[in-house]
Amino acid sequence: MFQRFIRAIKSMFGGFVSSMEDPKLILEQNIRELNDQIPQMNENIATVKANAVMLKKEVDRYEKQISEVTSKIKSAINADRDDLAEGYALQLEKARENLEHSRDQLKFADQAYEKALKVKKAFMREKDKKIKEAREALRASERAEWQGRVADALESFETGGLDQTHNEMLNRLNENTARNEARMEIALESVDTETMEIEANAEKLRAQELVNQFKQEMGKSPKEEEKEKKIDVDESEKTSTDSGKTVGRDRTKS
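Attention in this report is confined to the structure presented alongside it. Because the structure is a prediction, the values reported are computed rather than measured.

1. Regarding the overall build of the chain
Looking only at helices and strands, one finds 6 helices and 0 strands in the chain. Seen in sequence order, the chain has helices and strands lined up from the N terminus as α-α-α-α-α-α. Looking at the chain residue by residue over its 254 residues, the buried ones come to 11%. In the chain, the share of contacts with a sequence separation of at least 24, taken over all contacts with a separation of at least 6, comes to 75%.

2. Details of unusual backbone geometry
Note: most peptide bonds trans; most residues except glycine with negative phi. A positive phi is found at Asp80, a non-glycine position, where the angle reads about 55°. Assignment of secondary structure puts Asp80 in the loop between helix 2 (23-78) and helix 3 (82-158).

3. Quick word on helix 2
Taking 1.5 Å of rise per residue, the 56 residues of helix 2 would be expected to cover 82 Å, and the 83 Å separating its terminal C-alpha atoms lies within 8% of that figure. One or two positions beyond helix 2, positive phi appears at Asp80, with a value near 55°.

4. With respect to the nonpolar core
Buried together is how nonpolar side chains tend to be arranged in soluble globular proteins. Core analysis: the largest hydrophobic core is formed by 14 residues, its most contacted members being Ile66, Ile73, Leu92, Leu99 and Leu106. Elements with a contribution of two residues or more to this core: helix 2 and helix 3. Contact partners of Leu92, with chain neighbours within four places excluded, come to Ile66, Val69, Thr70 and Ile73. The next biggest cluster of nonpolar side chains, apart from the first, holds 9 residues, and it includes Ile38, Ala116, Ile131 and Ala134.

5. Side note on the packing of aromatic side chains
Applying the stated criterion to the full structure yields 0 aromatic pairs. The ring of Tyr113 has Lys49 sitting right over it, with the charged end atom 4.6 Å from the ring centre. When the ring centre of Tyr62 is taken as reference, the NZ or CZ atom of Arg61 above it lies at 5.3 Å.

Analysis parameters
- Residues numbered from 1 in each chain as written.
- Predicted model: local features only at pLDDT ≥ 70, side-chain atom pairs only at ≥ 80, totals over all residues.
- Heavy atoms only, no water.
- Helix = DSSP H or I, 4+ residues; strand = E, 2+ residues; numbered from the N terminus.
- Buried < 20%, exposed > 50% of the residue type's maximum accessible area, 1.4 Å probe, protein only.
- Contact = heavy atoms within 4.5 Å.
- Expected span 1.5 Å × (residues − 1).
- Core = buried A, V, L, I, M, F, W, Y, C linked by side-chain atoms within 4.5 Å.
- Phe/Tyr/Trp six-rings, centres within 6.5 Å; stacked < 30°, edge-to-face > 60°.
- Lys NZ or Arg CZ within 6 Å of the ring centre and 35° of its normal.

This is the structure:
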């Protein structure tokens, strides 16, 4: 009975937590956490590398110490100072033990450094893969949201809300346009256009008569103007003919 109650409580809180989770926010947080792990990993690798460098210096120091002690032992033996040679021999033995121990530690440190580099390489590859997948999922989510908004808009058209209002307004405007065009046609048909044209022509004739009267008073009747134009044309033709004859004579003389 108690176990069933615990399972019920877990199911209630589990559903509540799931409802609060936003996949987009969680993926963005995962990307940040993956990028934040790189500096810490670089620091750990630097620590391993520093340990290897320190052990390498110890190995070099012990090798140098062994070389120096060996030279001292040989010098003491040549000087028949076995007591000094024995002391140096103990130092040489201790230096060799330290050298062997440092070499073992250096070997493990180099292996740890190589392993750390491999781990970082694998982590970077997996990090790039996860970030790429997360970003693709985020872009797909954004496309899906946009498509959802478009679908909602299309559904609102089809349900008769905006679409019905749109069509109704178009029909009203078309009806008003047709009504005004019909009123214009009816108005034009009701007007006596022939009488208007006759009156316009009569006014034009009256204006021409007034102009002709002014011309007669000024001594420029239409007939006299035609005569003057004819005289001007004859004189111009005569002048051109005389000039042609003159040119002919000049050529003959030459």
